[in-house]
Amino acid sequence: MLKLIYNAPMIFARNLKKDIAEKVVILLTKIGVEASVEQGEVLQKIETPTTFDVCVYIKEIEDLPDTIGILSNFLGTHEQKTLELLNSYPCVILGGVSEATVTALKNRVPENVEISFANPSTSLYCLELINEDQMAHHQVRQYLKTISRKENHNISNSYRDLSYKDSQAIWRQFQSTGAIRLTNQSFERYEVILEKLNEETPVNSIKDTLHNTMHMPYEIMDEVLASLPVQLEDSINASEVENRIKMYESKGLICDKKKVSNGFRKLVIDEVEDQKETIELLSHFIPKENVASQIQIPWYAPVPLSDLMTRYAIAKLESIGCDASFEEIEQFV
C-alpha cells in the first residue's frame, strides 16, 4: 500500500463496485490521501509515473533532531531508522517514488533541508573500491572491461559515469565482497574553492560579492584574499555547483570544485572550555569507554564518525565553547 501511495498518481484498485470504491475513497481520505473514483477515458490517461530516488541534505545541522522527527512522520519509520538512513552516504531516504511524493516531502520539510531527486535508470554512477581486498579489486577491474565500452580502466579506485545497467550488473556481482560502493552522481556534493581573482575586476567589487553572497565580514577580507586558495562553500549539490561557479566567475572570482569525500571523519578538538561538559557531550557520539577522563589538546577522536554525525558533533561542541574541526580519513562503511 505504501508503494502505491508513494507512486501517486496511481490506480489503487481496479474493477470495484461503485459503492465499495466510494468507501475506499472515504477511508483513504481519512488517512490524508487524495483519492477519487474514476472510469473510462480518465483511467487511460493515468500512466505509471517516472519514479525517483530521493536524497536529503541538512544545511543547518543544529536542526538534526527536529528534521529526524519530521522525516520519521513522513516515512512512517522509527526515528532510529531515519537516523540510520541519514547516516548512510549519500542520505537516500526514499527509492522508487513519484514526483508527487517528492513534492509532498519538499512541502513538509523546512527550508534548511535540501531535497534532491533523480531518476535512477537515467543517472550516471560512480564506482569506488573501498577496502583492502586487492583480489576483489582486481576482479572488479576485469569485470569492468567486459561490460563497459570505456577504455580508461587503469589501476584506479574510482570509476565514473557508469550507466545504470552497468552499475547494477556490478552490484549484483560484487556487493557481497564489501569491496565496492556505488553512488548516484546526481547526489554527489562539492566544495567551491576560490583559486584566484580576475585581475580586471576591481577588488572592492569582489569584496562586495563576498559580503553579499557569503556574508563575509569586510574586516577579514584582506587576510582571506591573501591566503588563496580558500573554501567559499562547503557543500553544494552536483546539479547546482557548475552554475554557482559560473556566477562567481561573472563577479571576478575564479573558482574550482572539489568533490566532498564519502569517507568517515576524525573529530578534532583544539580548545576546551569545560572539561566535564565536553566529556559528557562526547559520550553521546563516542562509546564512553573510548572517551578519556581528561581531554588533552589537541584531542583526536579514537573512533571515526560519519559526515552527518561529525557536523552535528562540531556544532554541539562549539555551542559549549570548544574549538572543533575534523580530518578526513580513508575509511568507509
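These notes cover the structure that comes with them. Here the structure is a predicted model, which is why all the values come from computation and not from measurement.

Considering the overall build of the protein chain
When you go through the protein chain residue by residue, the secondary structure sums to 13 helices and 12 strands. A buried classification covers 41% of the 333 residues belonging to the protein chain. A sequence separation of at least 24 residues applies to 73% of the contacts in the protein chain between residues at least 6 apart. Just so you have it, the protein chain exposes about 19,700 Å², and 48% of that area is on carbon and sulfur atoms.

Observations regarding the sheet that holds strand E6 (residues 180-184)
Ordered by their spatial adjacency, three strands build an open sheet running E5-E4-E6, and the pairing between neighbours is antiparallel. Lying at the two open borders of the sheet, with one neighbouring strand each, are strand E5 (158-162) and E6. On average, each strand axis in the sheet is inclined to that of its neighbour by 20°, with strand direction left out of account. Bridge count between strand E4 (residues 125-129) and E6: five bridges; the pairing is antiparallel.

Structural notes on the environment of asparagine 131
Here asparagine 131 is to be found in the loop between E4 and helix H7 (134-147). A residue is classified by how much of its surface remains accessible, and asparagine 131, at 25% relative accessible area, is partly exposed. Residues asparagine 131 and asparagine 157, spaced 26 residues apart in sequence, show a C-alpha to C-alpha distance of 9.7 Å. Excluding residues within four positions of it along the chain, asparagine 131 makes contact with His137, Thr177, Gly178 and Ala179.

With respect to a negative patch on the surface
Taken together, the side chains of Glu60, Glu62, Asp270, Glu271, Glu273, Asp274, Glu277, Glu318, Asp323 and Glu327 make up a negatively charged region of the molecular surface. For the negative patch, the secondary structure elements donating two or more residues are strand E10 (265-271) and strand E12 (323-328). Examined against the element boundaries, glutamate 273 turns out to sit in the loop between E10 and helix H12 (275-282). Note on glutamate 273: relative accessible area 64%, which makes it exposed.

Things to note about the pattern of salt bridges
Under the counting rule described, the total for this entry stands at seven salt bridges. One salt bridge in this structure joins glutamate 233 and arginine 244, with 2.7 Å as the shortest N-O distance. In this pair, glutamate 233 is assigned in strand E8 (residues 230-237) and arginine 244 in helix H11 (residues 238-250), connecting sequence segments 11 residues apart. Across the pair arginine 244 and glutamate 240 runs a salt bridge whose closest N-O atoms are separated by 3.5 Å. You can see arginine 244 and its partner glutamate 240 sitting in helix H11, four residues apart, about one turn around the helix. Given the relative accessible area of 33%, glutamate 240 is considered partly exposed. The network of salt bridges with common partners includes Glu233, Glu240 and Arg244.

Parameters and conventions
Each chain carries its own residue numbering, running from 1 in the direction its sequence is written. Per-residue local features are limited, in this predicted model, to residues with pLDDT of at least 70; the limit for side-chain atom pairs, both in listing and counting, is 80 or more; totals at the level of whole chains, interfaces and linings are taken over all residues. The basis for every side-chain value is the complete set of heavy atoms in the structure, and neither hydrogens nor water enter the calculation. Only DSSP runs of H or I covering at least 4 residues are called helices, and only runs of E covering at least 2 are called strands; the numbering of each starts at the N terminus. The buried label goes to any residue with under 20% of its type's maximum accessible area, the exposed label to any with over 50%, and the partly exposed label to all in between, with areas taken from a 1.4 Å probe on protein chains only. By the convention used here, residues are in contact when the closest approach between their heavy atoms is within 4.5 Å. Accessible surface area values rest on a Shrake-Rupley calculation with a 1.4 Å probe, where residue burial reflects the displayed protein chains alone. Strands are treated as partners if at least two bridges between them are detected by DSSP. Axis lines are fitted to C-alpha atoms, over the contacting stretch for helices. Their N-to-C directions set the angle, which ranges from 0 to 180 degrees. Each patch is assembled from residues with relative accessible area greater than 30% and no salt bridge, linking like charges that lie within 9 Å and nonpolar side chains (Val, Leu, Ile, Met, Phe, Trp, Tyr) that lie within 5 Å. By convention in these notes, a salt bridge is any Lys or Arg side-chain nitrogen within 4 Å of a carboxyl oxygen on Asp or Glu. Under this rule, positive means Lys or Arg and negative means Asp or Glu; His and the chain ends count for nothing. One atom stands in for each charge, and that atom is NZ of Lys, CZ of Arg, CG of Asp or CD of Glu.

Such coordinate-based values are descriptive only and should not be taken to indicate function.
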